[in-house]
2 protein chains.
Amino acid sequence: MPTSDGPPTVETIAARAGVSIASVSRVLNGHGARPNTVRRVEQAAAELGYVPNGVARSLKGGRTRQLTFAMPDVGNPAYVSMVRQIQAVTKPLGYRLLLHSTDAVAEDELDVVRSLADRTSDGLILCPIRVTDAHMEVLARAARPVVVIGSLPGTAAVDSVRADSVSGTVLAVRHLMECGRRRIAFINGPADTVPGRNRLIGYETALREAGAVPDPELIVTTDFGIEAGARAAHRLLDAHPGIDSVFCANDQLALGAAHAAHDRDLRIPEELAVVGMDDSELARAGHPALTSVDLGSAERGRIAAEMLVARLDGGRHEVRCETVAPRLSVRESTTGARTRTAAGVS
Amino acid sequence: MPTSDGPPTVETIAARAGVSIASVSRVLNGHGARPNTVRRVEQAAAELGYVPNGVARSLKGGRTRQLTFAMPDVGNPAYVSMVRQIQAVTKPLGYRLLLHSTDAVAEDELDVVRSLADRTSDGLILCPIRVTDAHMEVLARAARPVVVIGSLPGTAAVDSVRADSVSGTVLAVRHLMECGRRRIAFINGPADTVPGRNRLIGYETALREAGAVPDPELIVTTDFGIEAGARAAHRLLDAHPGIDSVFCANDQLALGAAHAAHDRDLRIPEELAVVGMDDSELARAGHPALTSVDLGSAERGRIAAEMLVARLDGGRHEVRCETVAPRLSVRESTTGARTRTAAGVS
DNA sequence: GTGAAAGCGCTAACAA
DNA sequence: TTGTTAGCGCTTTCAC
C-alpha cells in the first residue's frame, strides 16, 4: 500500500472509498458499477484531486495518444500553417502534438522515424527536405504509421500528401504572361530538391506552351531568404535591364526582389511585376502586396493529419497518396490595382 | 515468455543472448558487465533492432523526458521564436517538446497546468495571455515545475521571465522624438492585457519626460493584424492630418499603418515615421524596412527553457524572476537611410 | 457487481 | 559479475 505522500493512485482512491482498485478503474472509465460504488469512488477521487497516470495508462494500453510532427524548420511560415492545421484535427480527438525540428538534416529525419520504435508516439507526420533511398528503407520498417508530406516514389507503401509545384509555377508564369510580360526572370531556391526541380520544369513548361524559349540567363538559383532575393534580383537586373517581371520560389525571395526594385526606383508592377510562392503572411506584408502561389501548406497539413488518425483508428485500408492543387492569389504586385487597404476603395 | 511476434523486449534479447533480463538492462544502460556478456547482448539487440520501450522506462523512472510549451497562438512569430529557442536548449539535453496551442483561452491554460498531474510531461513553460487569480491558484498546486513567460504578481512562488514593454515603448517613442517627431500617434493592441496597459504607460511616460502632453485623441486601441493597423491609421490620419509618426503595438499593425500611408501617398519616413514592435521577420519584409522594438521573445524562450531544466535537474533553489531588456532595431521607416538592400551601399 | 491477480516492459535492490 | 524478484500505476480477465 502506498504511503500517504506522493500523488494519489488507484490504490489511494480504493482505500479511501473502501473498494478494490478494479472498481476504481471501472468507475473512472465509465464501465458498469453500482450507483453507490460510483458515488463513493467519484467522491474520493474528487477529494484527493486524483488524475490518472498517463504513462501507466499508455504502458497498459499500448497507445500514448501522442502524435509527432517532424519538419525542417519551426520558423518557416509554411510549416507553421501545417502545425496549426494538424493541431486543429488532432486536438479535438485528444491527441497531444510532439514537435520535432530536424533543421533539414536527413539523418535527423531518419532518427525520428526509427525512434517510433520506442513506443513514445502513436504516429508520425514527416516533412522531409528530400527523400533518399535510406528514407524509403527506414519508412518501410517504421514501427508506427507514418504520413509523409512530400513526394515519394510510386512504389512506396506509405501514405503521403504532396504539393504540385509544377502546376503552381505554371500558374504563376502563365499569369505573368497574361499580364503582358515577356521577359520573365526566375529566382529559384536550392535546385537539388524535388520542389526545386519541379519549379524549374514548371517555369520552362509555361514559357514553351506560350511559344517562348526559356533563357537560362534569366534563371538564378540561390538560398531562401529576403537578402538572397534582393541580391539575386540586383544581379539579374544589372545583367538584363530588359526584364519586366520575376517569379520567385518563395515569398521571402520575392520580398527581397521587391526591395531591390525599390532601391533601383523601379515601379512595381509597372516596370517590374513580382510573384512569390507560399502565400504566407509575408505576401500581404509587402508593398505593394505580393501576388503569390499558395501550394496548400495548410491543406496538406490537414489532410496528413486526417490520414494519420484514419490509419490509427481504422483498419488496414490501402496506401493513400493525395495531391493538393495550387491556388494563385492575385494582388497588386502584378495587377497594380491600387486598393485602399482594408477600406475596399480603389 | 513473450511469443515471437510483437516488438522485441528485454526478455527477447535476454533469451537470444542467453542471459537474464537484468544483464540486458545493465549492458544497455552502460553499467558493469563482463566483456563477453556485453558483446552477446549488444549483438542480440542489434540483430533484432531492439529499441527500449520509452513508456515502460518512464513508468519506472518517473520521468518522461518530455517538456510542454503552451502558448496562445502557434502562428505568432513571437511565439515561434520562443519555440525555436526552447528547442535549442532542450533538444541537446534529450527532451522532446510537446506543443500546446491554447488559442488564448484561459480555461485551456489552466487545463494544461492541471494536466501536469497525469505525469505525461516533466515540466511546463506557460505563456498565458493574462494571469488571473485562478492561474495563481492552479500554478501553486502544479504537479510539475512550471516556468511562466509573462508577468506574475510579486507574491508568486513560480519561476518567470518577463518582457519589459514599458521600457520597450519608451525606447520607441523616445527614438521618434529624437528624430524630431512631435505628433506621435499610438496604435495599441487590446488594452485589457498586461502588455497592453504597459505600452500605454510607456507611451505616456516617454512623452511626459520630454515635456509633452499625451493627447488621448492620438491613441487608438484595436485588435492585432495588418488590416486592423491599416484601418486604425486611416482613422487617425483622417481625423488628425498633422500626425508625423506612429508607434504600433506590433509589426502587423505597423505594416498596416505603412500600407495606409502608401495609399495616401504619404512618404515614409519623411511624412510619417512608423515604428513596430516584436522585430519579427515582418519588420524586414516591409518597405521601407520597419524600425521595431524587440521585446526579446527569443531570449525569453531561451531563459525560460534554461530555468526549467535547472529546476528539473537541480535542487530546490529559490524562485527566480528575470526581466529581459528590450532592444530597438532602427531601420528606414524612421531614419529614411536609403540602404541598397543586401549590398551594403547607401 | 465486485475483488484478486496477472501483466504491460523496464530498472534496481538484493542475493548468490 | 550475474540472476531473481519486486514493483512503477494502470486495465482487464477471471472467479465469485
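Residues numbered from 1 in each chain as written. Chains lettered and ligands numbered in written order. Predicted model: local features only at pLDDT ≥ 70, side-chain atom pairs only at ≥ 80, totals over all residues. Heavy atoms only, no water.

Caption draft 1: Just the overall build of chain A, in detail. Regarding its fold elements, chain A presents 14 helices and 12 strands. In terms of C-alpha radius of gyration, chain A reaches 27 Å, well past the compact-globule figure of 20 Å for 346 residues. Referenced to the eigenvectors of the C-alpha coordinate spread, the extents of chain A come out at roughly 85 × 50 × 30 Å. When burial is assessed residue by residue, chain A has 50% of its 346 residues classed as buried. Taking the intrachain contacts of chain A between residues at least 6 apart in sequence as the baseline, contacts between residues at least 24 apart amount to 69%. Accessible surface for chain A amounts to roughly 15000 Å². Of this, 51% is attributable to carbon and sulfur atoms. If the 39 positive side-chain charges of chain A are averaged to one point and the 41 negative ones to another, these points end up 8 Å apart. (Helix = DSSP H or I, 4+ residues; strand = E, 2+ residues; numbered from the N terminus. Rg over C-alpha atoms; globule rule 2.2 N^0.38 Å. Buried < 20%, exposed > 50% of the residue type's maximum accessible area, 1.4 Å probe, protein only. Contact = heavy atoms within 4.5 Å. Areas by Shrake-Rupley, 256 points an atom, 1.4 Å probe, with all protein chains shown as cover. Lys, Arg positive; Asp, Glu negative; His and termini not counted. Charge placed at Lys NZ, Arg CZ, Asp CG, Glu CD.)

Caption draft 2: Main features of the relation of the copies chain A and chain B. At an RMSD of 0.1 Å, chain A and chain B line up after a rotation of 180 degrees and a shift of 0.0 Å along the axis. What the superposition gives is, in effect, a two-fold axis relating one chain to the other. Identified as the residue of chain A closest to the rotation axis by C-alpha distance is Leu98 of chain A, at 2.2 Å. A symmetric contact is evident, with 100% of the interface residues of chain A recurring at the interface of chain B. (Least-squares fit on C-alpha atoms with pLDDT ≥ 70 in both.)

Caption draft 3: Focus on the domain arrangement of chain A. Residues and elements named next belong to chain A. Assigned domains of chain A: these are domain 1 (10–52), domain 2 (66–161 + 297–317) and domain 3 (165–296 + 327–343). Relative placement of domain 2 and domain 3: their C-alpha centres are 30 Å apart. Surface buried jointly by domain 2 and domain 3 totals about 640 Å² across both partners, of which 48% is contributed by carbon and sulfur atoms. When residues of domain 2 are sorted by the area they lose upon contact with domain 3, Pro77, Arg130 and Ser297 head the list and together hold 54% of the total. Of the charged contacts, one joins Asp192 and Arg130 as a salt bridge, the two residues approaching to 3.3 Å between their closest N and O atoms. Looking at which element gives the most residues to the side of domain 2 that touches domain 3, the answer is helix H13 (residues 297–313), with 4 residues. Looking at the side of domain 2 that touches domain 3 residue by residue, the class counts come to 4 nonpolar, 2 polar and 3 charged. (Domains from an automatic or database assignment. Buried area = accessible area lost by both parts, 1.4 Å probe. Salt bridge = Lys/Arg side-chain N within 4 Å of Asp/Glu carboxyl O. Nonpolar A, V, L, I, M, F, W, Y, C, P; charged D, E, K, R; others polar.)

Caption draft 4: The sheet that holds strand S10 (residues 291–294) of chain B, seen in detail. Residue and element names in this part refer to chain B. The strand order across the open sheet formed by 6 strands is S7-S6-S8-S9-S10-S12, and the pairing between neighbours is mixed. Looking at strand neighbours, the two that pair on one side only are strand S7 (219–221) and strand S12 (327–329), the edges of this open sheet. Here the average twist between neighbouring strands, direction ignored, is 15 degrees. Where S10 lies against S12, 3 bridges are found, and the strand directions are antiparallel. Pairing of Asp294 across the sheet is with Arg327, part of S12. (Pairing = 2+ DSSP bridges. Axes fitted to C-alpha atoms, helices over the stretch in contact; angles between N-to-C directions.)

Caption draft 5: Inspection of the environment of Val146 of chain A at higher detail. All names here are of chain A. Mapped onto the elements, Val146 comes out in strand S4 (residues 146–149). Taking relative accessible area as the criterion, Val146 reaches 8% and is therefore assigned buried. Along the backbone, Val146 and Leu312 are 166 residues apart, and their C-alpha atoms lie at a distance of 9.9 Å. Apart from the residues within four sequence positions on either side, Val146 is in contact with Leu116, Leu124, Leu126, Leu139, Val158 and Asp159.

Caption draft 6: Local environment of the pattern of salt bridges. What the rule picks out here adds up to 35 salt bridges over all chains. The residue Arg114 of chain A makes a salt bridge to Glu107 of chain A at a minimum N-O spacing of 3.3 Å. Classification of Glu107 of chain A by relative accessible area gives partly exposed; the value is 45%. Residues Arg16 of chain B and Glu47 of chain B are paired through a salt bridge, measuring 2.7 Å at the closest nitrogen-oxygen approach. Placement of the pair is Arg16 of chain B in helix H1 (residues 10–17) and Glu47 of chain B in helix H3 (residues 35–48), with a sequence separation of 31 residues. Given a relative accessible area of 49%, Arg16 of chain B falls into the partly exposed group. Each of the salt bridges in this network shares a partner with another, and the network as a whole consists of Asp279, Asp294, Arg327 and Arg331 of chain A.

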